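# Coordinate inspection notes
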Amino acid sequence: MDLKIAVLPGDYIGPEVMAAALPVLEQVLRKGGHSLSHSTHPVGGAGIDAHGKALPDPTLAACQAADAILFGSVGGPKWEKLPPQEQPERASLLPLRKRFSLFANVRPGLLPKTLADTSPIRPERIPDGIDMVCIRELTGGLYFGAKSTRDLEGGDVEAIDTMVYRKSEIERITDVAIATARGRRGRITLVDKANVLQTSVLWRKVVAERVAAKAPELKLEFLYIDNAAMQLVLRPGQFDVVLTENMFGDILSDEMAVVCGSLGMMASASLGAVANRHGRPFGLYEPSGGTAPDIAGQDKANPCAQILSAALMLRHSFGLEDEARAIERAVDRAVAEGVRTADIAGGRTAVGCAAMGKAVLERL
Ligand code: IPM
Ligand code: MG
């Protein structure tokens, strides 16, 4: 198979973790007899510096011509003074999600029993490890609803964000949750705030109807977001597939990542309705953590989330399950053998970003 990928490393630790991930991707594909062509393009702050905007036209064109996007992370203090709508995150990642209709964000939260010591949760709370996946709606809700700020009489100021959801948007993301749950333990937990929000009332109704009609064999449960945030710390092992709207998913997936060890371990896939040249979903794959400006340029970042995002890309956008598994096993093995960056080192001596990448490469 020939794979055409747009590589968008972004800012701060973005390029460092990308540099550790690409050799892993290249090697697994070489071994499998596949041909990879990738080109690297500035995005986010790097896009602003190079072309005056966070999503430069050549970068967007490269994404359009590719089968998938491997994304690093964007934003940071250097560009914080720009107007909100020009900020790297808002002006690159969000338009990319919208442009390619990447409505389904899939974030696996995996903590094998053997790595339980990397979690901040006491081991007795996770006797069987954690194996859950967060399915987050990614192109609706507060992120994309109408926004405004206005001055009121008397000197007060009012800002408005709008949370909007359509039945059709909820249906298509529910279908992703159904397909995911079928390949797993068959449980979906819808996380919402149906005791307060009108959008949540619609979510509950639509998800319940959809699951009853299409997948009555699945077990569907409902949790309010506040309770879910608590349950995730108390008994993280209880979750299988967590389905939720954009904003709740943003918050919950960070919590899930850290419960599973570290944000530096959590990969993510953003999938949409568009098919690539191979007839598989076009997608954007990125680590769930941010640009970590505080440790950038010091060879301290954890590249595992970026490496695991490449694995997700092989699985979802190319159907290369064996290659994806090979990468995931190599990461597990390296971490289990005690090769760990500072974020998951516990009491051990930490290795740097490059060494972590190399350790994974050697175990492929
Ligand atoms: C994420 C990030 C983004 C989001 C930011 C960078 C806009 O936090 O992918 O979770 O809020 O969606
Ligand atoms: Mg987030």
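The sections below set out a description of the structure shown in this document. (Residues numbered from 1 in each chain as written. Chains lettered and ligands numbered in written order. Predicted model: local features only at pLDDT ≥ 70, side-chain atom pairs only at ≥ 80, totals over all residues. Heavy atoms only, no water.)

Regarding its fold elements, the chain presents eleven helices and twelve strands. Whereas a compact globule of 364 residues would reach a radius of gyration of roughly 21 Å, the chain reaches 20 Å, a difference of no more than 12%. For the C-alpha atoms alone, the extent of the chain along its principal axes is close to 55 × 50 × 45 Å. For the chain, with 364 residues in total, the buried portion stands at 52%. Summed over all atoms, the accessible surface of the chain reaches about 15,500 Å², with 54% contributed by carbon and sulfur. Of note, the chain has its 42 positive side-chain charges centred 5 Å away from the centre of its 44 negative side-chain charges. (Helix = DSSP H or I, 4+ residues; strand = E, 2+ residues; numbered from the N terminus. Rg over C-alpha atoms; globule rule 2.2 N^0.38 Å. Buried < 20%, exposed > 50% of the residue type's maximum accessible area, 1.4 Å probe, protein only. Areas by Shrake-Rupley, 256 points an atom, 1.4 Å probe, with all protein chains shown as cover. Lys, Arg positive; Asp, Glu negative; His and termini not counted. Charge placed at Lys NZ, Arg CZ, Asp CG, Glu CD.)

To continue, consider the sheet that holds strand β3 (residues 68-73). Read from one edge of the open sheet, ten strands run β2-β1-β3-β12-β11-β4-β5-β10-β8-β9, paired in mixed fashion. Looking along the sheet, the strands with just one partner apiece sit at the ends: β2 (35-40) and β9 (219-224). Strand-to-strand, the axes of this sheet are offset by a mean angle of 20°, without reference to chain direction. The sheet contact formed by strand β5 (residues 130-137) and strand β10 (residues 241-244) spans four bridges and is parallel. Bridge pairing in β10 places Ile 135 opposite Leu 243. Lying over the sheet, helix α5 (residues 167-182) contacts β4 (104-111), β5, β8 (187-192) and β10, oriented at roughly 160° with respect to β5. (Pairing = 2+ DSSP bridges. Axes fitted to C-alpha atoms, helices over the stretch in contact; angles between N-to-C directions. Contact = heavy atoms within 4.5 Å.)

Time to look at the packing of helix α1 (residues 13-31) against helix α9 (residues 304-318). The interhelical angle for the contact between α1 and α9, taken along N-to-C directions, is 40°, at an axis separation of 8 Å. The orientation of α1 with respect to α9, classified from their angle, is oblique. As α1 runs across α9, the sense of the crossing is right-handed. Judged by residue contacts, Val 17, Met 18, Ala 20, Ala 21, Val 24, Leu 25, Val 28 and Leu 29 of α1 engage Gln 306, Ile 307, Ala 310, Met 313 and Leu 314 from α9. Considering only residue class, the contact of α1 with α9 consists of twelve nonpolar, one polar and no charged. (Parallel < 35°, antiparallel > 145°, perpendicular 65-115°, else oblique. Left-handed = near helix turned anticlockwise from the far one by under 90°. Nonpolar A, V, L, I, M, F, W, Y, C, P; charged D, E, K, R; others polar.)

Before going further, it helps to examine the site of ligand 1. Every residue close to ligand 1 is listed here: Glu 89, Arg 97, Arg 107, Arg 136, Tyr 143 and Asp 250. Here an oxygen atom of ligand 1 and a side-chain polar atom of Arg 97 are 2.7 Å apart. Asp 250 is positioned with one of its side-chain polar atoms (N or O) 2.9 Å from an oxygen atom of ligand 1. For ligand 1, whose free accessible area comes to 320 Å², the fraction covered by protein is 76%. Of the residues belonging to the shell around ligand 1, the class tally is one nonpolar, no polar and five charged. Split by domain, the residues of the shell around ligand 1 number at least three in each of domain 1 (1-115 + 260-364) and domain 2 (120-259). (Near = heavy atom within 4 Å. Polar contact = N/O pair within 3.5 Å; in protein donor to acceptor, adjacent residues only side chain to side chain. Domains from an automatic or database assignment.)

Time to look at the packing of aromatic side chains. Counted under the stated rule, the structure contains three aromatic pairs. When the centroid spacing of 5.8 Å and the interplanar angle of 70° are considered together, the rings of Tyr 12 and Trp 79 count as edge-to-face. One end of the pair, Tyr 12, is in the loop between β1 (2-10) and α1; the other, Trp 79, is in the loop between β3 and α4 (88-99), and 67 residues separate them in sequence. With centroids separated by 5.2 Å and ring planes inclined at 85°, the aromatic side chains of Tyr 165 and Trp 203 adopt a geometry described as edge-to-face. A residue pair is termed long-range when its members are at least 10 positions apart, and Tyr 165 in the loop between β7 (157-161) and α5 and Trp 203 in helix α6 (residues 198-214) qualify at 38 residues. No difference in accessibility class separates Tyr 165 from Trp 203, as the two residues are buried. Taking the ring centre of Phe 144 as reference, the NZ or CZ of Lys 98 above it sits at 4.6 Å. Looking at Arg 172, its charged tip hangs above the ring of Phe 103, at a distance of 4.2 Å from the centre. (Phe/Tyr/Trp six-rings, centres within 6.5 Å; stacked < 30°, edge-to-face > 60°. Lys NZ or Arg CZ within 6 Å of the ring centre and 35° of its normal.)

This part takes up the pattern of salt bridges. A side chain of one charge can pair with a side chain of the opposite charge if their charged atoms are brought near each other. Enumeration over the complete set of coordinates arrives at 28 salt bridges. In this structure, Asp 192 engages Arg 204 in a salt bridge whose closest nitrogen and oxygen atoms are separated by 2.7 Å. Highlighted residues: Asp 192 in strand β8 and Arg 204 in helix α6, separated in sequence by twelve residues. Linking Lys 205 and Glu 209 is a salt bridge whose minimum nitrogen-to-oxygen distance equals 3.2 Å. Residue Lys 205 and its partner Glu 209 are located together in helix α6, separated by four residues, close to a single helical turn. In this structure Lys 205 comes out as partly exposed when scored by relative accessible area, which is 49%. Each of Lys 167, Glu 171, Asp 175, Arg 210 and Lys 214 takes part in salt bridges that share partners, so that together they form one network. (Salt bridge = Lys/Arg side-chain N within 4 Å of Asp/Glu carboxyl O.)

Among the secondary structure elements, Asn 246 is positioned in helix α8 (residues 246-259). Setting aside residues no more than four positions away along its own chain, Asn 246 makes contact with Arg 136, Glu 137, Leu 138, Thr 139, Gly 140, Tyr 143, Phe 144 and Tyr 165.

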